[in-house]
Amino acid sequence: MQFIDLKAQQERIRPQIDAAIKRVLDHGQYIMGPEVFELERQLAEFVGVRHAIGCSSGTDALLLGLMAYEVGPGDAVFTTPFTFFATCEVIALLGATPVFVDIDPRTFNIDPIKLGQAIERVVEEGKLKVRGIIPVDLYGLPADYDAIMPLAEKHGLFVLEDAAQAFGATYKGRKAPGLGHVGTTSFFPAKPLGCYGDGGAVFTDDDDLAEKIRSLLVHGKGPDKYNNVRIGLNARLDTIQAAILIEKLKIYPEEIELRQVAAERYSKSLCEMAGVMTPHIPDGYASVWAQYTIQCQNRDDLQFRLSKAAIPTMVYYVKPVCLLDAMSYLNNQDGSFPVAEKMARQVLSLPIFPYLAKNQQFEILAKLAGKHICCS
Ligand SMILES: *Cc1c(COP(=O)(O)O)cnc(C)c1O
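Counting restarts for each chain: residues are numbered from 1 in the order of the written sequence. The predicted origin of the model limits local features to residues at a pLDDT of at least 70 and limits the giving and counting of side-chain atom pairs to 80 or more, whereas totals for whole chains, interfaces and linings rest on all residues. Side-chain numbers here rest on the full set of heavy atoms in the structure, without hydrogens or water.

Taking an unreviewed UniProt entry as the reference, the protein chain is identified by name as Aminotransferase DegT belonging to Geothermobacter hydrogeniphilus. UniProt positions are given in the numbering used here, feature names are shortened, and annotations may be inferred rather than shown by experiment. What UniProt states about the protein chain under its Sequence similarities (unreviewed entry) heading is, verbatim, "Belongs to the DegT/DnrJ/EryC1 family."

So, in structure tokens, the structure goes:
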């Protein structure tokens, strides 16, 4: 059994993928070919925003967003400690200061009440200029934007939605990554919508911001090809990856439903199990289930037993990012983010992907239950 089986999907659409790659080889426009613009049109329509801009990775998408807001030294950007390192890495890379805010224990996403308090605190201290918020839609579930956006408005902050794990998730009738002022996603192969290499995209309704990002994407290009107007990046999405994503996007709505079925099957069986807490999806939200993550007291023990039964599981994340060595210069102390630190000890992600077979899933559930019977 695999944690994420990418092969099953490839087998399903292999002829379409082969044909799409062949078309790119035939026309030869490897950089900014027609597929890139076609994909961008489809992505924007899917999410329901004015602009989707393809780029080289989910990390570069975040970086482009921050660069468009001209984030730099002396700026505070608020984010969650319970995420992949890239979320805070891009803030630090630009010389700004990541300010971490603990999470809601039921959704694993940034806690809006603590966010409000953290913003007030930084404003009061007066050392950093408060600039923006990067909420993460962890495991495929959107953060609480109806609580976050008013805080941003009150303090004049931008909201950059990190939906690397949540492309197409729903929040009160709207779709991720269209829930902040600007949103990003990743097409890393194992993400819900993945390509066959690195890729990402930035989303926004803001015309000026979109234009700036399109410039930053190509070395800060200006209207005159020979006169660069700002310091940028080389962060384009490859045409071949765009061609692959066009084929994958066609089956993506169905794949979200298949993930939903698998998640429901897990939750129905696991909700009765002692010592295990299943994911909480608030009313009006729909996850795209990048991960199906349970909470359990004897996590390491359970993971070890499952691995002995050849059931692969993962821990996202073993440590809150604020406590990783690269962030040590910020002097965040053990115990400062009690919820994130507790979750780092208790979360366990089970195999989930659209093609996870029912019998595989029952096998996983049987092994999980067996553990609890023999231990109780
Ligand atoms: C995967 C991920 C990223 C980075 O995406 P890449 O495409 O790998 O650069 C950023 N944020 C989160 C939350 C992620 O899960």
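Q: Any chance you could break down the overall build of the protein chain for me, citing the residues and the numbers?
A: Helix and strand assignments follow DSSP, with helices taken as H or I runs no shorter than four residues and strands as E runs no shorter than two, numbered in order from the N terminus. The helix and strand tally for the protein chain stands at eleven helices and 13 strands. Its C-alpha atoms give the protein chain a radius of gyration of 21 Å, within 12% of the compact-globule value 21 Å for 376 residues. For the protein chain, the C-alpha atoms occupy an extent of roughly 70 × 60 × 35 Å along the three principal directions. Whether a residue is buried, partly exposed or exposed follows from its accessible area with a 1.4 Å probe, protein chains only, as a fraction of its type maximum: under 20%, in between, or over 50%, in that order. Counting across all 376 residues of the protein chain, residues that qualify as buried make up 55%. The Shrake-Rupley method, run with a 1.4 Å probe, gives the accessible areas here. Residue values count only the displayed protein chains as cover. Of the roughly 16400 Å² of accessible surface on the protein chain, 53% is carried by carbon and sulfur atoms. Positive: Lys, Arg. Negative: Asp, Glu. His and the chain ends are not part of the count. Where a charge lies is defined by one atom per residue type, namely NZ (Lys), CZ (Arg), CG (Asp) and CD (Glu). Charge-centre separation for the protein chain: the mean point of 38 positive side chains lies 4 Å from the mean point of 45 negative side chains. Using C-alpha atoms as the atom set, the radius of gyration is obtained and then compared with a globule rule of 2.2 Å times the number of residues to the power 0.38.

Q: Can you explain the sheet that holds strand E8 (residues 182-186)? Please cite residues and give values.
A: When DSSP finds at least two bridges between two strands, those strands are taken to pair. The seven strands are arranged E1-E9-E8-E5-E4-E2-E3 in an open sheet whose pairing can be described as mixed. Two strands bound the open sheet, and with one partner strand each, they are strand E1 (51-55) and strand E3 (97-100). Adjacent strand axes in the sheet meet at a mean angle of 25°, parallel and antiparallel pairs treated alike. Relative to E8, strand E5 (residues 158-162) runs parallel, the two sharing three bridges. By the bridge assignment for E8, Asp162 is matched with Thr184. Contacting strand E2 (75-79), E3, strand E4 (129-134) and E5, helix H4 (residues 86-93) crosses the sheet at an angle of about 145° to E3. Here a residue-residue contact requires only that any non-hydrogen atoms of the pair lie within 4.5 Å. All axes are obtained by fitting lines to C-alpha atoms, using only the stretch in contact for helices, and the reported angles, taken between N-to-C directions, cover 0 to 180 degrees. Along the sheet face, helix H7 (residues 207-216) touches E1, E8 and strand E9 (200-204) and points at about 15° away from the line of E1.

Q: Explain the packing of aromatic side chains residue by residue, including any values.
A: Ring pairs are drawn from Phe, Tyr and Trp, using the six-membered ring of Trp, whenever the two centres fall within 6.5 Å, and their geometry is named by plane angle: stacked under 30 degrees, edge-to-face over 60, tilted for the rest. Per the counting criterion, the structure on display carries 15 aromatic pairs. When the centroid spacing of 6.4 Å and the interplanar angle of 50° are considered together, the rings of Phe3 and Tyr316 count as tilted. Linking Phe3 in the segment before helix H1 (6-27) with Tyr316 in the loop between helix H9 (299-308) and helix H10 (338-346), this pair joins segments that are 313 residues apart in sequence. Among the residues examined, Phe3 registers a relative accessible area of 12% and is labelled buried. Seen from their ring centres, Phe82 and Phe108 are 6.3 Å apart, and the 35° between their planes marks the pair as tilted. On the criterion of sequence distance, the pair formed by Phe82 in the loop between E2 and H4 and Phe108 in the loop between E3 and helix H5 (112-125) is long-range, its members being 26 residues apart. Of the two residues, Phe82 and Phe108, both sit in the buried class.

Q: For the state of the cysteines, give the residues involved together with the corresponding values.
A: A pair of sulfur atoms, both from cysteines and within 2.5 Å, is called a disulfide here. In the structure shown here, the tally under the stated rule is zero disulfides. There is no disulfide at Cys88, and the cysteine sulfur nearest it, in Cys322, is 8.2 Å away. Cys195 forms no disulfide, and the closest cysteine sulfur to it belongs to Cys55, at a distance of 10 Å.

Q: Give a detailed account of H5, specifying residues and quantitative values.
A: Over its 14 residues, H5 extends 20 Å from the first C-alpha to the last, a length consistent with the 20 Å expected when each residue adds 1.5 Å. Pro112, Leu115, Gly116, Ala118, Ile119 and Val122 are the residues of H5 that are buried. Along the axis of H5, the buried positions cluster into a sector of 165°, meaning they face one direction only. Turned more than 90 degrees from where H5 packs its buried face, Ile113 and Glu124 sit exposed. Contacts from the buried residues of H5 go to E2, E3, E4 and helix H6 (145-155). Residue Asp111 occupies the N-cap position of H5, its side-chain oxygen lying 2.9 Å from the main-chain nitrogen of Ile113. At the C-terminal side of H5, Gly126 shows a positive phi close to 70°. Helix span, expected: 1.5 Å multiplied by one less than the number of residues in the helix. The arc in question is the one traced by the directions running from the helix axis out to the C-beta atoms. Any N or O atom pair separated by 3.5 Å or less is treated as a polar contact, with the protein-specific requirement of one donor-capable and one acceptor-capable atom, and with residues adjacent in sequence counted only for side-chain atom pairs.

Q: Lay out the UniProt feature "modified residue: N6-(pyridoxal phosphate)lysine" (unreviewed entry) in the protein chain in plain terms, naming residues and giving numbers.
A: When the UniProt feature table is mapped onto this chain numbering, "modified residue: N6-(pyridoxal phosphate)lysine" (unreviewed entry) sits at Lys191. If you trace the backbone, Lys191 turns up in the loop between E8 and E9. Not counting the four nearest positions on each side in its chain, Lys191 is found in contact with Ala164, Gln165 and Ser186.

Q: Give a detailed account of the sheet that holds strand E10 (residues 276-277), specifying residues and quantitative values.
A: Here three strands make up an open sheet; going across it, the order is E10-E12-E13 and the pairing antiparallel. A single partner strand is all that each edge strand has here, and the edge strands are E10 and strand E13 (347-350). Across two bridges, the pairing between E10 and strand E12 (residues 292-296) is antiparallel. Looking at E12, one finds that Val276 is bridged to Cys296. Along the sheet, H9 makes contact with E12 and E13, crossing E13 at roughly 25°.

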